[in-house]
Amino acid sequence: MRMVEIIEHKRDKKVLTDEEIKFFISNYVKGEIPDYQASSLLMAILLNGMNDHETFILTECMLHSGDVMDLSKINGVKVDKHSTGGVGDKTSLVLGPLVASCGAKLAKMSGRGLGHTGGTLDKMESIPGMKINIREEDFINQVNKIGMAIVGQTGHLVPADKKLYALRDVTGTVDSIPLIASSIMSKKLASGSDAILLDVKVGDGAFMKTMQDAEKLANTMVSIGKYFKKDVKAILTDMDEPLGNAVGNTLEVIEAINTLKGNGPKDLTELCLKAGSIMLMQAKIVDSLTEGEELLKTKIKSGEAFNKFVEFVQAQHGDISYVLDTEKFQKAKYVYNFTSKEEGYLKRIKAFEIGEFAMNLGAGREKIEDKIDYSAGILLNKKIGDYVKKGDILCTIYTNKDNLNEFVNKLYSAYEFSNEKISDRKIIYKIIS
Ligand code: URA
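What counts and how
Residues numbered from 1 in each chain as written. Predicted model: local features only at pLDDT ≥ 70, side-chain atom pairs only at ≥ 80, totals over all residues. Heavy atoms only, no water. Near = heavy atom within 4 Å. Polar contact = N/O pair within 3.5 Å; in protein donor to acceptor, adjacent residues only side chain to side chain. Areas by Shrake-Rupley, 256 points an atom, 1.4 Å probe, with all protein chains shown as cover. Helix = DSSP H or I, 4+ residues; strand = E, 2+ residues; numbered from the N terminus. Domains from an automatic or database assignment. Contact = heavy atoms within 4.5 Å. Buried area = accessible area lost by both parts, 1.4 Å probe. Salt bridge = Lys/Arg side-chain N within 4 Å of Asp/Glu carboxyl O.

**Focus on the site of the ligand**
- Around the ligand sit Tyr165, Arg168, Ile180, Ser183, Ile184, Lys187 and Phe207, and that is every residue in its neighbourhood.
- At a separation of 2.9 Å, an oxygen atom of the ligand approaches a polar side-chain atom of Arg168.
- At a separation of 2.6 Å, a nitrogen atom of the ligand approaches a polar side-chain atom of Ser183.
- In isolation the ligand has 230 Å² of accessible area, and contact with the protein removes 88% of it.
- Only α8 (159–169) and α9 (177–190) provide two or more residues apiece to the shell around the ligand.
- Counting residues per element, the shell around the ligand draws most heavily on α9, at four residues.

**A short note on the domain arrangement of the protein chain**
- You can read the domains of the protein chain as domain 1 (3–49), domain 2 (78–324) and domain 3 (332–418).
- Placing a centre on the C-alpha atoms of domain 2 and another on those of domain 3 gives a separation of 25 Å.
- Listed by partner, the interface residues are 25 residues for domain 2 and 27 residues for domain 3.
- Around 2000 Å² of area is buried between domain 2 and domain 3 when both sides are counted, 57% of it from carbon and sulfur atoms.
- For the pair domain 2 and domain 3, the number of links is four salt bridges.
- Note that Glu241 and Lys383 form a salt bridge whose closest N and O atoms lie 4.0 Å from each other.

Here it is, written out as structure tokens:
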């Protein structure tokens, strides 16, 4: 078999055989296929697509390109969640303790933030002492003992995706549904859980800008789950404005803590209750979404959800005194109130712009090697639908940088106003199973 023929087949819109896909992945991982041929095939896939069967085989080959986690030593149904990424998305830090406090087992591997989106690992590391690299055996023991662990990748999982994703990033081949679906699902399947909830974000601050694309991606990933006989469900959720009010690592941890105590923003709380109830059904702890939501609410009210977060931080060597008294977190040197020059109903808060602005403040990375300033970020004071008068505070900016003038004007373009009342928005558009 020759790589050039595989490229020509996809260029000519043919369906690739299982053998051709296997040949490509195994030889690319071994370094026997050069990047220029791999990127040519990726571009042909982006332009001409893949059918479901090709996507399943691609996922299977990527999944088996490295280790697959064995979580069989964890008792009970193991549930996992994955978000396609957004701005202000601290859901894992709320959902993990919430479902674990109801008896679910969450064994989760998370990632770091890049560009305008944040990452759970960075948020966790803003709690002093918190460790995200723990041995596989300790990871399993922790989930058995307290019901949850969130760590960086352990073992040598899906090396094919590491190589391919880096190549796609620089060859304009990220935006392909079969490539995104196989990339996400190979990693999730390699992490070894029995059930997975996928949170597919839709809107300005998300990978998928339209409902149609988001639905297509979600359907593809759910069918990959079915092919591998895993219980995979997806929710399509709003990312047209940042989730919750906080964007930036320490600020988001504090917001997650407040949400676990029952004092979180409406959109974040609703998303966590709805997503959590689906996960509880997947874990076979409840029989209906209503029952799930009721159980989650009792765990918030009783303090068990917050106590689970404290246990989780302690198990991963974090200093719980910060969690018990969030005033202890280091504060940014400069705090500015960003006020409105306009009056009207807030129509849009462009999540992408807010995410980029937070990155400029120091809250995120432009390049992988950039260092994060945990205290930097933004607290939104107004959300879509709120009525704003001239001079009202739209958001508060936290930074250690003293050259804010350079880019603060960009923030105005993130906000759009309307004279008309904005109708109530949904946080979850659809559940796909
Ligand atoms: N996230 C991934 O893990 N892979 C993609 O291809 C896109 C987003």
